[in-house]
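Next come the chains, spelled out residue by residue.
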Amino acid sequence: GAGVSQSPRYKVAKRGQDVALRCDPISGHVSLFWYQQALGQGPEFLTYFQNEAQLDKSGLPSDRFFAERPEGSVSTLKIQRTQQEDSAVYLCASSLGGGVRNQPQHFGDGTRLSIL
Amino acid sequence: AQSVAQPEDQVNVAEGNPLTVKCTYSVSGNPYLFWYVQYPNRGLQFLLKYITGDNLVKGSYGFEAEFNKSQTSFHLKKPSALVSDSALYFCAVRGFREFSGGYNKLIFGAGTRLAVHP
């Protein structure tokens, strides 16, 4: 099926290491979102892309977090100098339209990041 | 600022009985509301949405939700629960940002765990 694909599914890193999380959205989807889901919590918005343009990064918790989508399809979320509080599930979602407000977001299965 | 509250951490129901998962919201302007379901180690699956129109919204897997503007609620319902409905349910509201025509930045509640017992 052509759903949202995220890799890796699980990532364990030592505190201070850099990590990169990948998201392949549904083909043709203009909008791409990253969310962070802490244990026992609902997802929290991190950042939004419309094609290759990052239009909102207001949810990124610090300047250690960086996201890109250079060709308007695949996106990478990078976390530098990881800390234990970065441990969470990182969810990627895509939706068809750019300016259309009512289309549902389709989520990937997430990357579970554990920082030791 | 937009927000969503799910007052119950867990809901227990017997198979075959009706279920309700509660959600209340706070928005400025018209509310755009969503329900998602999450199974273990999986992403969120879209169930249904309320944009405008009928207060009773029908969605996937037999679920429906009732929008009540006076009570600012959007409760999820199903007439007859199945064991396979056991999962984590999230209510969400659109946090609208006026960038290039706007987009659906979702603001989620903390989730309600539904347990359906045989």
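Everything below is about the structure shown above.
The rules behind each value
- Residues numbered from 1 in each chain as written.
- Chains lettered and ligands numbered in written order.
- Predicted model: local features only at pLDDT ≥ 70, side-chain atom pairs only at ≥ 80, totals over all residues.
- Heavy atoms only, no water.
- Buried < 20%, exposed > 50% of the residue type's maximum accessible area, 1.4 Å probe, protein only.
- Helix = DSSP H or I, 4+ residues; strand = E, 2+ residues; numbered from the N terminus.
- Pairing = 2+ DSSP bridges.
- Salt bridge = Lys/Arg side-chain N within 4 Å of Asp/Glu carboxyl O.
- Core = buried A, V, L, I, M, F, W, Y, C linked by side-chain atoms within 4.5 Å.

**Considerations on the pairing of strand β5 (residues 44-50) of chain A**
Residue and element names in this part refer to chain A.
Part 1 of the reasoning: Counting buried residues in β5 gives six out of seven residues, a clear majority hidden from the surface.
Part 2 of the reasoning: Taken together, the six bridges between strand β4 (residues 31-37) and β5 define a ladder with antiparallel strand orientation. When the bridges of β5 are listed, Tyr-35 appears paired with Phe-45.
Part 3 of the reasoning: With three bridges connecting them, β5 and strand β6 (residues 53-56) associate as antiparallel partners. Note on β6: the bridge partner recorded for Tyr-48 is Asp-56.

**With respect to the pattern of salt bridges**
Residues and elements named next belong to chain A.
Part 1 of the reasoning: This structure, assessed with the given rule, holds seven salt bridges over all chains.
Part 2 of the reasoning: Two residues, Asp-86 and Arg-64, come together in a salt bridge whose shortest N-O distance is 2.8 Å. With a gap of 22 residues between them, Asp-86 in the loop between β8 (75-79) and β9 (88-95) and Arg-64 in the loop between β6 and β7 (65-68) connect regions that are remote in the sequence. For the residue pair Asp-86 and Arg-64, the accessibility class agrees, reading buried in each case.

**Quick notes on the nonpolar core**
Residues and elements named next belong to chain B.
Part 1 of the reasoning: Core analysis: the largest hydrophobic core is formed by 26 residues, its most contacted members being Trp-35, Leu-47, Leu-48, Phe-74, Leu-76 and Tyr-89.
Part 2 of the reasoning: Those elements that place two or more of their residues in this core are β2 (10-14), β3 (19-21), β5 (33-38), β6 (44-50), β8 (64-68), β9 (73-78), β10 (87-96) and β12 (112-117).
Part 3 of the reasoning: In terms of residues, this core owes the most to one element, β10, which gives four residues.

**Quick notes on unusual backbone geometry**
Residue and element names in this part refer to chain A.
Part 1 of the reasoning: The step from Ser-7 to Pro-8 runs through a cis peptide bond, and the omega angle for that step is -10°.
Part 2 of the reasoning: With respect to the element layout, Pro-8 can be found in the loop between β1 (5-7) and β2 (10-13).
Part 3 of the reasoning: With a phi close to 55°, Asn-51 is a non-glycine residue in the positive phi region.
Part 4 of the reasoning: Within the element layout of this structure, Asn-51 appears in the loop between β5 and β6.
Part 5 of the reasoning: Look at Asn-51 and you get partly exposed, because its relative accessible area is 34%.
Part 6 of the reasoning: Non-glycine residue Arg-81 carries a positive phi angle of around 50°.
Part 7 of the reasoning: Take Arg-81: it is sitting in the loop between β8 and β9.
Part 8 of the reasoning: The class of Arg-81 is partly exposed, set by a relative accessible area of 45%.

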